[in-house]
Amino acid sequence: MDEPLSPTPGYRLSLAAAGEAWSWRLTTPEGGDLGGLAPDRSAARRSAAFTASAVSALKRTHARRF
């Protein structure tokens with residue numbers, strides 16, 4: 001299921017049950033894919049939200065040329 005990731009606009013989140021875990025895939029506005037596994041649906045959403053936040057912070061840092 002694809003859904004927007006609310007705290008970080010422009011990112012798309014896909015969640016899917018993968019056996020006893022949940023698979024998550026995050027698509028960046030530029031088209032990059034990041035993903036992982038989590039024990040449950042809410043942990044998958046939190047992992048994706050953390051990843052989106054970290055990627056956004058790295059992009060801002062790169063834009064400042066640090």
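Up top is the structure these notes are about.
These figures come from a predicted structure and were not determined experimentally. (Residues numbered from 1 in each chain as written. Predicted model: local features only at pLDDT ≥ 70, side-chain atom pairs only at ≥ 80, totals over all residues. Heavy atoms only, no water.)

*Asks:* Sorry, what's going on with the overall build of the chain here?
*Replies:* Along the backbone of the chain there are one helix and four strands. In the chain, the succession of helices and strands from N to C terminus is β-β-β-β-α. Buried residues in the chain amount to 30% of all 66 residues. Counted over contacts in the chain with a minimum sequence separation of 6, partners at least 24 positions apart contribute 28%. (Helix = DSSP H or I, 4+ residues; strand = E, 2+ residues; numbered from the N terminus. Buried < 20%, exposed > 50% of the residue type's maximum accessible area, 1.4 Å probe, protein only. Contact = heavy atoms within 4.5 Å.)

*Asks:* Please clarify how the pattern of salt bridges should be interpreted in this entry.
*Replies:* Opposite charge on two side chains allows them to pair when their charged atoms are near. Summed over the entire model, instances satisfying the criterion amount to two salt bridges. The partner of D33 in a salt bridge is R25, and the shortest N-O contact between them spans 3.8 Å. The exposure class assigned to D33 is exposed, which follows from its relative accessible area of 52%. When its relative accessible area of 40% is taken as the criterion, R25 is described as partly exposed. Note that E30 and K59 form a salt bridge whose closest N and O atoms lie 2.5 Å from each other. (Salt bridge = Lys/Arg side-chain N within 4 Å of Asp/Glu carboxyl O.)

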